[in-house]
Amino acid sequence: MRAKIIGTGSCLPDKIVTNDALSALVDTSDEWIQSRTGICGRHLVSAEHETTLSMAVKAGQAALTDAGILPQQLDLILVATVSSDFMTPSTACMVQKELGASHAAAFDINAACSGFLFALNTVDAYFQAGIYQTALIIGVETLSKLIDWSDRSTCVLFGDGAGAAVAKASEEGMIASLQGSDGSGGDILVCRNRSNNNPYIHTGTELDYLFMDGQEVFKFAVKKEPECIQALLQQAGMQPADVDYYLLHQANYRIIASIARKLKLPLEKFPSNVSHCGNTSAASIPILLDEVNKKGMLPKDSLILLSGFGAGLTWGAALLKW
Ligand code: COA
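Residues numbered from 1 in each chain as written. Predicted model: local features only at pLDDT ≥ 70, side-chain atom pairs only at ≥ 80, totals over all residues. Heavy atoms only, no water.

**A look at the environment of Leu44**
Position of Leu44 among the secondary structure elements: in the loop between strand 3 (41-43) and helix 3 (52-67). C-alpha separation for the pair Leu44 and Cys277, spaced 233 residues apart in sequence, amounts to 9.2 Å. Apart from residues no more than four positions distant in its own chain, Leu44 is found in contact with Pro13, Lys15, Val17, Glu50, Ser144, Trp149, Phe158, Gly159 and Asp160. (Helix = DSSP H or I, 4+ residues; strand = E, 2+ residues; numbered from the N terminus. Contact = heavy atoms within 4.5 Å.)

Below is the structure:
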């Protein structure tokens, strides 16, 4: 049995922050941001009740409603995130409590922007092994709390939000998947955790924010992601044109356009929401999936390819029949 997605949901914070609004905070401009990234605005949390957990729960509930599945029917909840509200319990366990999904095992996955794909692949592996049959997969981030809001090279790029999918063990659905990691390249996209100040060591109390070598990440993305997609298509015995839609990690429209060029495909096959969401890391692919699904763009038997890359370094792809 393979993972078949039977429902999607998403949640974006109410507050929309435009490029012009950011220009009042740091030395940047709408023209610079749009021309380098395709980003026009992003949603950011702006109230105490908007948290990683609250967005995950709303997206999860929406996906369950869309799938016609009750929380009690879930036997697995996976949450992909690098921005949990708590180090423990996991966001997945907190979502389980909020939803009342009392029969589910729940845990988080940290694979940065590739997290939703790693979670989907994990669910698919559990289904193939016959261990679980019904799973909720959530990608959620409050990246705005990891960002140095005085660093123009990163603060203009990211946004907050959550996306979710319900997957059921089925005869069809996932056709092929790939994932990979290269820890040796991890220092180009980093966010340190809290320091250790136990009685035997003092490593400082300063907070550390997200650091990114943008050009190196760009080079990694435009090389690794098309390679990963080509390898996946080869594994499935398909040509790039056979796929109806490519739902790629929404980091930068120039990266998406570069991949479309490398695959010799029209941009129409690459739906994008980076202009109004920015980069929402693990949430980006499921938010886009929900948008495309709710627009009615995925008739039964559509072929979609999800793919992304991120810190770690990590990358992944999944080819699915809808
Ligand atoms: N506004 C205005 N100028 C800015 C700026 C901003 N927000 N951020 C950086 N700059 C400046 C730089 O200081 C630099 O100025 P200098 O030439 O005087 O030194 C200039 O713009 C060019 O910077 P550079 O870093 O070379 O720009 P770039 O064309 O590489 O674009 C990124 C920067 C971040 C948009 C691009 O590298 C990128 O998209 N990388 C991938 C990021 C990514 O996908 N991250 C997520 C991974 S999951």
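**As for the pairing of strand 7 (residues 160-170)**
When you tally the buried positions in strand 7, you get 10 out of 11 residues, the bulk of the element. For strand 6 (residues 134-142) and strand 7, the ladder comprises nine bridges, and the chain directions are antiparallel. Each bridged residue has a counterpart across the sheet, and for Ile138 the counterpart in strand 7 is Ala164. (Buried < 20%, exposed > 50% of the residue type's maximum accessible area, 1.4 Å probe, protein only. Pairing = 2+ DSSP bridges.)

**Describing the sheet that holds strand 8 (residues 174-181)**
The strand order across the open sheet built from four strands is 8-13-12-11, with neighbouring strands paired in mixed fashion. At either margin of the open sheet sits one strand with a lone partner, and together these are strand 8 and strand 11 (245-248). Averaged over all pairs of adjacent strands, the angle between their axes in this sheet comes to 10 degrees, without regard to strand direction. Bridging between strand 8 and strand 13 (residues 314-321) involves seven bridges; their strand directions are antiparallel. Across the sheet, the residue bridging to Gln179 is Gly316, located in strand 13. Strands in contact with helix 7 (residues 214-236) are strand 8, strand 11, strand 12 (303-310) and strand 13; relative to strand 12, the strand with the most contacts, it is inclined by about 145 degrees. Across the sheet, helix 10 (residues 284-294) touches strand 11 and strand 12, and the angle it forms with strand 11 is around 145 degrees. (Axes fitted to C-alpha atoms, helices over the stretch in contact; angles between N-to-C directions.)

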